[in-house]
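Chain by chain, the residues:
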Amino acid sequence: MSPIDRRVLFHFNWSLLGLTFLLFAVGVLNLYSASAFRLEDGLSVNPFYQKQLVWGLMGMVGMAVFMVFDYRHLQVVAWPLFGVTLCLLLGTLFFGKVIYGARRWLDLGVMNFQASEMAKIAILLIGAKLLSRGQRPLDWGHLFMAVGVGMVPAGLIVLQPDLGSALSVLALLGGIILYRGVRWPVLRLMVILGPILAPLGWFFLHDYQKQRILTFLDPGADPRGAGYHVIQSQIAIGSGQVWGKGFLSGTQSQLRFLPEKHTDFAVAVFGEEWGFFGCIILLSIFCLFLYHLFLAAQDAKDRFGSFLAAGVFFYFFWQILINMGMVLGLMPVVGIPLPFISYGGSATLVNFCLIGLVMNVSMRRFVFKQA
Amino acid sequence: MTTNLEPEGQQPPRSGLILLQCLVLGLFALFALRLWYLQIHRGEEFSRKARDNQLRREAIYAPRGLIRDREGRLVAVNEPAYALGLVREDVKDMQATLAQVSAWTGIPVQDLTQRVGHLRKRVKPFEPLILVQELPFELLARIEANTLFWPGLEIVVRPKRYYPQGPLLAHVLGYVAEVSEEELERDSTLAMGDLVGKNGMELILENRLRGAKGVQNLEVDATGRRLGEEVVTPPSAGENLTLSIDLALQERCFHLLDGQAGALLVMDPATGRLLAYVSQPAYDNNQFVLGLSSKQWAELRDDPLHPMQNRAIQSAYPPGSVFKLVVAGAGLHAGVSPKDTAYCNGAYAFGSRLFRCWKKEGHGTVDLLRGLVQSCDVFFYQLGDRLGVDRMSAFAKACGFGDLTGIDLPHEKPGLIPSREWKRKRLGEMWYPGENLNMAIGQGYNQVTPIQVARFVSALVNGGDLIKPSLTMNDDPVVQDHLQLTDKQRDLILEAMVETVQEGTARILQRRDAHIGGKTGTAQVVRLKASEAEKRRKLEEMEYWERDHAWIATFGQKEDRAYVVVCMVEHGGHGGSTAGPVVKAVYDYLFGEKAS
């Protein structure tokens, strides 16, 4: 069977592609505004949006690469890729570049490389591969194996430290496990253990992370310190009111009152400039986007493909959930970007690659459908 | 190529998937709800907060009114003063910032910390707290170049008051200084660090000089850098004032009293405007503008000659023989004939006491005119005895004595004109008839200020109008009262004054080219015992503090110009010999040097 035949093109998932491009376009447009500073003499725009465009184009190439071959071949490379990822993560810990007190980047000379981004793809593949075996519902052995395999890279990422990425990786893996279905006793155990383990986790958090949780509970306690992000973000979004202040007219972001406005808080800029109306439209696009990922998982022709799509679905769902929750003041501040909207080079690249993977699964579903 | 087909069981149960979809939709609904809450329910509030974030209100200083002399020469100006301000909200690291300021200025960090702690409640949010009042120019350039690296620090440019003539006009202008806490509480338009009038005309005319501050909206970014400003209310400048003082004359008069303690006034009798207003010794009012050091203050306070005392309005002394002008008026007003005479043999017997005339040999027979010209005490003992305290007191009060003149200067003293009630209330004693005699020659309880004497003499000259003494050209003259004398009666008194210059105690003032009248006075400081009075000591033999105060009240007319010149020299001894030459020099300038 040739990698690409007519049927593959016939089942091409145009909706998912269109939604992805739409989100990316909104993101770049918003980034243009978010990187503008108002100075005494007019606007000054940082080139973030240009970099995002370049990364996006690279991402599209990556997406295409991830579509051309049959995704089932990936089962073969799952383990080697996992091994390489572990090596790179270890290398980052020892030789990585320190930026803002965290060792997250490997300096490759031309560009900085984030191994944690690669780990997302590696864990998606290994998780889908491991969980597609065995009985259903999932037995204890496979469950522990999958969780164990996920914990190793996640632990290495936490050490960088990059709690946000580690949690994203675990969310991806946990999503596949949930999607596959667990036995009732397992689910019950998780539901019971969760609240017990969560307070224990407190002791493993850094001071700044504890502070973020305390700040979330009472942002007014230190309005110019830790609570500043939360308060300024809500002021920016709230001041957009129904119709927003208009493109390039957000005062809070351009006068630098809003911190991290091109990365984690990018959607606050969007909310200020486009208002409630624009936010609801953006939410709807994200909802449709997730729905198409979900459909791809449901319609996949085999478990591996289905779990790949499900992992990607959970990965994006988790990030949208945490980022929106944080920006809207419903959750503590965790450094997790909003897919395609927040600025982030390697994250954008990986996001496109993951979508490519889902498209791959989606367009090769015909084999099963025809049967 | 393995196709790992799993025909069944590859999909999770349908119920679970529906649950998942519901979860996703539920969370998105929650976000939509939250957006509605933030952007619509509380949108107005956040919108306001967003505006507050970027806009700060700032005061625009109104320039204080300039003051010029009557020839248009500037005597109070505004100069830019560069202060170092601190906007606490923009400061990232207070300790480090204060340490840097300390390194620049040499002011100890503790002092700066203390100042910040002390002032922080007084300064409104986002307003600069003044750390250093005035920066020297070299420092200014260095700090200006570095404020970018120290968010929160800024150079605040504010007008500072400067008095080019310093002590020369200190008792007229007074000074401005940093607003006090009580003043801040009383007036909400004032802000920390503002300069307000504290003394002199600067204090009395504060409301006219100050003007009104404007308001501007300042657009800033999150680091407090200003991006632009928009004037909401423009400031309105204070009123410019023109003094009635002639600076050249003032300077001349000022130096005539150098080394003395006293007052010298030159008044235009027709308008009550003062052309010269001197109180010596004086102080440098510029010292007060930026705060007096405790050493400077101690020097001023402990100076035995009290430079801060404004003698023209605050030094109330017995007028001595100058008061005979008033008593003569009281007599004429009461119907005493100018032809009535008294015989002076050198003393006047009253009850068991003998009241002496200053001239031991006596003046012989004198009438009112002769009595004034010779300043015969016996004549006035007799007149005082006839009039009694009630009539003298009422008449003196009608001449403006014993009350404030209302001049635009603070802390004026009313002086004192005694009366029966006053003595009963104040001393708990009845008025003794013998005291009428003392009162009639201007000794005893009488106390008058130089400004009151100048106003009175002006009224004699100008046709009888008591005019409020004034230091500015901006306001029209205010006639406060009218002397209770007919023109004939006034002319008689003026004639006596002119003759006093021609043949009496004020002969030193004689000028051929001008019509000059005067009356000298000597206020006893130490009551002379009868035995001592016999052998009147020479001035040089007395201690400074025991010497009498010298008075001279004069008027001079030449062509269409008329002046009233009054001089009082503390411990100057006899009026004619100490104050006389001073006034003579004034007339020499006014009618001689200045005219030519």
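All values derive from a computational prediction rather than experimental measurement.

So, about the overall build of chain B. Across its full length, chain B carries 22 helices and 21 strands. The buried share among the 596 residues of chain B stands at 42%. Taking contacts inside chain B between residues at least 6 apart in sequence as the whole, the part at least 24 apart equals 72%.

With respect to the secondary-structure elements, Phe-294 of chain A resides in helix H12 (residues 266-299). Residues Phe-294 of chain A and Ala-309 of chain A, spaced 15 residues apart in sequence, show a C-alpha to C-alpha distance of 7.2 Å.

Let us look at the packing of helix H5 (residues 115-131) of chain A against helix H7 (residues 163-180) of chain A. All names here are of chain A. In contact at an axis separation of 10 Å, H5 and H7 are set at 15° when each is read in the N-to-C sense. Classed by the angle they form, the pair H5 and H7 counts as roughly parallel. Crossing angle aside, the handedness with which H5 passes H7 is right-handed. Every residue of H7 that contacts H5 at Ser-116, Ala-119, Lys-120, Ile-123, Leu-124, Gly-127, Ala-128 and Leu-131 is listed here: Ser-165, Ser-168, Val-169, Leu-172, Leu-173, Ile-176, Ile-177 and Arg-180.

Residues and elements named next belong to chain B. Pairing analysis gives four bridges linking strand E14 (residues 347-350) to strand E15 (residues 353-356), with the strands arranged antiparallel. Residue pairing across strands places Ala-347 opposite Arg-356, the latter belonging to E15. What sits between E14 and E15 in their antiparallel hairpin is a turn of two residues, with Gly-351 showing a positive phi close to 55°.

The next subject is helix H2 (residues 14-34) of chain A. Along an α-helix, residues three or four apart share an orientation, since each turn contains 3.6 residues. Compared with an ideal rise of 1.5 Å per residue, which puts 21 residues at 30 Å, H2 of chain A spans 30 Å between its outermost C-alpha atoms and is within 8% of the ideal. Of all the residues in H2 of chain A, the buried ones are Leu-16, Leu-19, Thr-20, Leu-23, Phe-24, Gly-27, Asn-30, Leu-31, Tyr-32, Ser-33 and Ala-34 of chain A.

With that settled, the discussion passes to the nonpolar core. In this structure, Leu-265, Val-266 and Ala-276 of chain B are the most contacted members of the largest nonpolar core, which totals 123 residues. Residue contributions to this core peak at ten residues, all from helix H16 (residues 377-398) of chain B. Two domains each donate at least three residues to this core, and these are domain 1 (57-242) and domain 2 (247-283 + 296-593) of chain B. Residues within four places of Leu-265 of chain B in sequence aside, it is in contact with Leu-274, Ala-276, Tyr-277, Ala-312, Pro-450, Ile-451, Ala-454 and Val-566 of chain B. Residues Leu-74, Cys-279, Val-327 and Tyr-343 of chain A belong to the second largest nonpolar core, which totals 108 residues.

Residues and elements named next belong to chain B. Looking at where Ala-263 falls in the secondary structure, it is placed in strand E11 (residues 262-268). In this structure, the C-alpha to C-alpha distance between Ala-263 and Met-568, residues 305 residues apart in sequence, is 5.2 Å. For Ala-263, the residues in contact, after removing those within four places along its chain, are Val-278, Ser-279, Arg-311, Ala-312, Ser-315, Pro-450 and Met-568.

Thresholds applied
Residues numbered from 1 in each chain as written. Chains lettered and ligands numbered in written order. Predicted model: local features only at pLDDT ≥ 70, side-chain atom pairs only at ≥ 80, totals over all residues. Helix = DSSP H or I, 4+ residues; strand = E, 2+ residues; numbered from the N terminus. Buried ≥ 20, exposed ≤ 12 C-beta atoms within 10 Å, placed from the backbone. Contact = placed C-beta atoms within 7 Å. Axes fitted to C-alpha atoms, helices over the stretch in contact; angles between N-to-C directions. Parallel < 35°, antiparallel > 145°, perpendicular 65-115°, else oblique. Left-handed = near helix turned anticlockwise from the far one by under 90°. Pairing = 2+ DSSP bridges. Expected span 1.5 Å × (residues − 1). Core = buried A, V, L, I, M, F, W, Y, C linked by C-beta atoms within 7 Å. Domains from an automatic or database assignment.

Structural measurements only, silent on function.
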